[in-house]
Amino acid sequence: MTHTHLWLRAESKPQEQRTALTPENTKQLLDAGFKVTIESSVQSIFAINDYEAVGASIAPEGSWVDAPEEAIILALKELPEATFPLHHQHIYFAHAYKEQQGWQALLSRFVSGKGELFDLEYLVDDNNRRIAAFGYWAGYAGAALGVLAWLKQQQNITPPLNNINSYANQESLIAEINDLLATCESKPKILVIGAKGRSGSGAVALAKALSLETVEWDIAETQKGGPFAEILNMDILVNCVFINQDLPPFITKEMLITEERTLSMIVDVSCDPYGSYNPLPIYNECTTFKSPCLSIIQGDKPLDMIAIDHLPSLLPKESSEDYGQQLVKHLLTLNDQSQGVWPKALSLFNEKTAEIKL
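First, a word on scope: everything that follows refers to the structure included in this document. All values reported here derive from a predicted model rather than from experimental measurement.

**Quick notes on the packing of helix α3 (residues 103-113) against helix α10 (residues 342-353)**
- For the pair α3 and α10, interaxial distance at closest approach is 10 Å and the crossing angle is 115°. With respect to their mutual orientation, α3 and α10 come out roughly perpendicular. The handedness of the crossing between α3 and α10 is left-handed. Contacts between α3 and α10 involve W103, L107, F110 and V111 on the former and, on the latter, F349, K352 and T353.
- Of the residues assigned to the contact of α3 with α10, the class counts are five nonpolar, one polar and one charged.

Set out below in structure tokens:
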């Protein structure tokens with residue numbers, strides 16, 4: 001019997017500490033008869049010794065290029081920039097199926113090397129729902145940064161946040177926010193829009209962990225259509241709604257210019273400033289951990305905005321554990337790629353490679 005060989009590629013994107021496979025997931029695969037190789041990584045949140053302790057083979061960072069032909073290369077983020085043909089099966093977020101920059105060059109590498117791609121974004125169940133997602137921790141981290149920024153605003157710090165680093169765990173993040181809340185005369189009132197979704201539930205959980213007054217909106221509250229003047233009475237808005245159709249915006253620039261506005265912090269977890277369906281058409285660029293806040297209104301009543309598109313990186317341990325636990329049950333079916341999520345993902349890969357203009 002041949003054992004399926006999974007090879008965890010070290011993440012090469014700067015500061016990406018998350019991983020698609022935790023030591024616990026690795027043990028689950030090994031116990032099921034898989035062969036698992038883990039590349040050493042200088043930035044992973046998990047120590048290489050923890051993988052070694054459960055029985056995984058260890059390989060140098062970047063050595064996947066010379067992995068045995070039958071090894072399936074697993075990771076989260078993009079491959080390092082290169083042009084050589086790709087021979088293996090790969091599982092990762094390739095960002096190539098919506099004709100993003102460089103998509104043809106990347107897929108051409110698979111074609112020339114006879115490799116295959118199972119894109120994590122398109123591993124879906126029978127209802128076309130993604131089988132694994134980071135949404136909860138995006139909402140949790142986004143709400144946490146929103147509260148931190150609001151607290152810094154109360155101290156008249158401009159910009160409210162700068163050069164954010166990840167946290168070892170959620171306990172250390174909560175402890176830091178609680179210490180700051182203890183020095184503040186009041187606590188912020190938070191509105192979460194999309195509160196029943198994956199990321200919305202994470203944002204609500206953060207707010208409740210800090211005992212903050214939390215207003216939860218979902219379809220029932222937004223179906224009448226915006227703009228919503230009530231938003232101005234909140235301290236922090238956390239938007240967790242992903243919209244894929246034309247709707248009236250939740251807020252506009254014009255309505256923000258009023259003396260009655262309490263709102264001073266907006267976090268757009270959904271973060272799609274480039275699309276025509278953006279429900280918060282008051283900004284047109286994402287922010288970063290290095291420079292998290294965008295100033296929308298300055299002066300005595302400032303309004304700042306956070307729109308970071310990889311928020312779960314703030315808590316790499318918890319987000320990796322959650323994502324890995326969702327993903328591993330499907331990795332365990334890789335022995336038979338004619339079943340489960342794999343045929344649909346492979347069919348999509350073949351469809352997209354057929355569109356390449358050679």
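**Here we look at the pairing of strand β9 (residues 236-239)**
- The alternating pattern of β9 places I236 and V238 and L237 and N239 on opposite faces, both of which are buried.
- The pairing of strand β7 (residues 190-193) with β9 spans four bridges and is classified as parallel. Its bridge partner lying in β9, I190 is registered against I236.
- Where β9 meets strand β10 (residues 265-268), four bridges bridge the pair, whose relative direction is parallel. Bridging across to β10, I236 finds its partner in M265.

**A short note on the side chain of Q43**
- Position of Q43 relative to the elements: it lies in the loop between β2 (35-39) and α2 (48-53).
- For Q43, a relative accessible area of 19% translates into the label buried.
- A distance of 2.7 Å separates a polar side-chain atom of Q43 from the backbone oxygen of K13.
- Among the polar contacts made by the side chain of Q43, one reaches the main-chain carbonyl oxygen of E16 at a distance of 3.1 Å.

**Some words on the pattern of salt bridges**
- Counted under the stated rule, the structure contains seven salt bridges.
- The salt bridge involving E16 is made with R18; its shortest N-O contact spans 2.9 Å.

**Topic: the state of the cysteines**
- Counted by the stated rule, this structure contains zero disulfides.
- Cysteine C286 is unpaired, with the sulfur of C271 as its nearest cysteine sulfur at 3.2 Å.

**Focus: the environment of D246**
- As for its placement among the helices and strands, D246 is situated in the loop between β9 and α8 (253-256).
- Take D246: its relative accessible area is 63%, and that puts it in the exposed class.
- Considering only alpha carbons, one finds D246 and N278, 32 residues apart in sequence, at a separation of 8.6 Å.
- The residues touching D246, leaving out its near neighbours within four places in the chain, are S276 and Y277.

Scoring rules and cut-offs
Residues numbered from 1 in each chain as written. Predicted model: local features only at pLDDT ≥ 70, side-chain atom pairs only at ≥ 80, totals over all residues. Heavy atoms only, no water. Axes fitted to C-alpha atoms, helices over the stretch in contact; angles between N-to-C directions. Helix = DSSP H or I, 4+ residues; strand = E, 2+ residues; numbered from the N terminus. Parallel < 35°, antiparallel > 145°, perpendicular 65-115°, else oblique. Left-handed = near helix turned anticlockwise from the far one by under 90°. Contact = heavy atoms within 4.5 Å. Nonpolar A, V, L, I, M, F, W, Y, C, P; charged D, E, K, R; others polar. Buried < 20%, exposed > 50% of the residue type's maximum accessible area, 1.4 Å probe, protein only. Pairing = 2+ DSSP bridges. Polar contact = N/O pair within 3.5 Å; in protein donor to acceptor, adjacent residues only side chain to side chain. Salt bridge = Lys/Arg side-chain N within 4 Å of Asp/Glu carboxyl O. Disulfide = S-S within 2.5 Å.

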